[in-house]
Amino acid sequence: MPTLYIKTLGCKVNTYDTHALENQFKALGYDIVESPDLATVSVLNTCSVTENADKEARYLLRRFRRENPETVVVATGCYAQTDSQRLVDMDEVDLVFPNQSKDIVAVATHDFVKRQDNGEPKVQTSKLPSHVKAVSGNKQGHFKSALTMLEADSSQTRAFLKIQDGCNGFCTYCLIPYARGASRSVAPEEVTREVRRLINLGIKEIVFTGIHIGDYGDDFGQENAFVRLIEELFTWPDMIRIRISSLEPRELGEDLLKVLASRPELFCDHFHLPLQAGSDRILKLMRRSYDTKTYADNVALARKYFPNANFGADIIPGFPSETDEEFEETLAFIKSVGLNYLHVFPYSQRPNTAAAKMPGHLPGEIVKARSAKLRELSTELKENYLRRFVGTETLVLWEKDTDSQGRVKGHSTNYLEVCAPQHVAVQPGTVNRVLLKGFVEDLRLLGKVLDLAPVALAAAATEISIEASKSEPEMIGAEA
């Protein structure tokens, strides 16, 4: 039986795509294995958000070949879209599938494997699909391929579901419109059909993902399509929890918030709102669609509906011409708006973007130092946020993963990562009421399970009051 190893770099959309590819390979008879040395086929789903992501992709592809000279090495994803020529030129790579042909990766690779089994030489006249031309330096048109609805992963208690792909924004630093193409949406009836399938499989939480979810429905002329989609799903009596992976700040409007707040037992109050910079001049240079006031106002509005919500943001330090004072503005703004964690992406010059041609590119050591300062701030913000909840009760959905001590992990609606005590037999896919006791390693919280009887989502609608603990949270060694 053929075997598949697949590794993902980058965002949650790539994670979804990887799960879908796994399902397609499984349907062709492949077993999933944990390392390339065991694999008939080794696939890397690449990212290209920074130059380091490109370098990591090349390193991993070479490692796949080094660990298993006989494996079929396949590159797909964003780097395969923006610089396919570089990957085609690598001796270690057998096949390259840009994003625009990602839907044929499994079938085309399987055909390639069968040809090798029949004695054909491994060297091909082209490593790309016949209808795709190699590009370098991101010099290609803004493609708009069909968005194929692929089945989401159903092996965990939480499933990613991609409802949109691509972006029409063209921020000056960003490759995504070139790597992912124009914005396009999955039809609402296809989304609801897939949600129903996942519910029937026993999934307990769906994470809606996309490159630009706020654009959902624009390509088929439906205004507020995402709001209406959530509104419909919330009418289902057996609907499960939903989480939104990311939204642009201007998309977090009152219409959406009212719908989300109508079923607080279903909506996970966790908002990831890319910020990128806390300086209005830099935001304008980045060609972002908001200023700092708009961002702060939208966070404040969301907090009015969800006072305990967890707010995170992407930040790009070291954008061309960013001054020390403007970087300090960013730090001060992050603190003032009350963000709880940061994803830090040091500015990286991407080919064929407007920012690459701007004056004032900063030395690497400055970008690196600013990135380190932001990561330190992120740790501080996260710890301060978690401290608010120690000594309080919450509801946790347990998952199949465990931590290094073998404790089952789970998440609250507001994305607190909680571990159950080792001696307590909680069941993945169930929700329990827990008392948050204190910290364990990696800023996780240990939860004392108050009742092993699972809580139904309908019962979870009863609000759990969250009051700041008067006692200092402790690092827990011995479990309560």
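Placed above this text is the structure.
Residues numbered from 1 in each chain as written. Predicted model: local features only at pLDDT ≥ 70, side-chain atom pairs only at ≥ 80, totals over all residues. Heavy atoms only, no water.

Asks: For this particular structure, what's the right way to read the sheet that holds strand 5 (residues 95-98)?
Replies: Strand pairing in a sheet is mediated by backbone hydrogen bonds. Such pairs are either parallel or antiparallel. In spatial order, the strands read 2-1-3-4-5; together these five strands make up an open sheet with parallel pairing. Each edge of the open sheet is held by one strand with a lone partner, namely strand 2 (31-32) and strand 5. Direction of pairing for strand 4 (residues 72-77) relative to strand 5: parallel, over a ladder of four bridges. Looking at the pairing, Thr76 lines up with Phe97 of strand 5. Its contacts with the sheet put helix 1 (residues 12-27) on strand 1 (3-8), strand 2, strand 3 (41-46) and strand 4, and the angle it makes with strand 1 is roughly 175°. Contacts from helix 2 (residues 51-67) reach strand 1, strand 3 and strand 4 within the one sheet, and its direction differs from that of strand 3 by about 175°. (Pairing = 2+ DSSP bridges. Helix = DSSP H or I, 4+ residues; strand = E, 2+ residues; numbered from the N terminus. Contact = heavy atoms within 4.5 Å. Axes fitted to C-alpha atoms, helices over the stretch in contact; angles between N-to-C directions.)

Asks: Just to check I follow, could you spell out the pairing of strand 10 (residues 241-244) for this structure?
Replies: Regular strands place side chains that alternate from one sheet face to the opposite one. By the alternation rule, side chains of strand 10 split into Arg241 and Arg243 and Ile242 and Ile244, which are all buried. Across four bridges, strand 9 (residues 205-209) lies against strand 10 in parallel orientation. Paired with Phe208 across the bridge in strand 10 is Ile244. Where the polypeptide runs from strand 9 across helix 8 (residues 225-233) and back to strand 10, its parallel neighbour, the crossover connection is right-handed. (Buried < 20%, exposed > 50% of the residue type's maximum accessible area, 1.4 Å probe, protein only. Right-handed = clockwise from strand over helix to strand, strands pointing away.)

Asks: Looking at this model, I keep getting lost on the packing of helix 1 against helix 5 (residues 105-117). Mind explaining?
Replies: When two helices pack together, their arrangement is given by the angle between their axes and by how far apart the axes lie. One way to put it is that helix 1 packs onto helix 5 with a least axis distance of 9 Å and a crossing angle of 45°. When the axis of helix 1 is compared with that of helix 5, the two are oblique. In this structure, helix 1 meets helix 5 at a crossing whose hand is right-handed. Where helix 1 approaches helix 5, its residues Leu21, Gln24 and Phe25 are matched on the opposing element by Val105, Ala106 and Thr109. Among the residues forming the contact of helix 1 with helix 5, the class breakdown is four nonpolar, two polar and no charged. (Parallel < 35°, antiparallel > 145°, perpendicular 65-115°, else oblique. Left-handed = near helix turned anticlockwise from the far one by under 90°. Nonpolar A, V, L, I, M, F, W, Y, C, P; charged D, E, K, R; others polar.)

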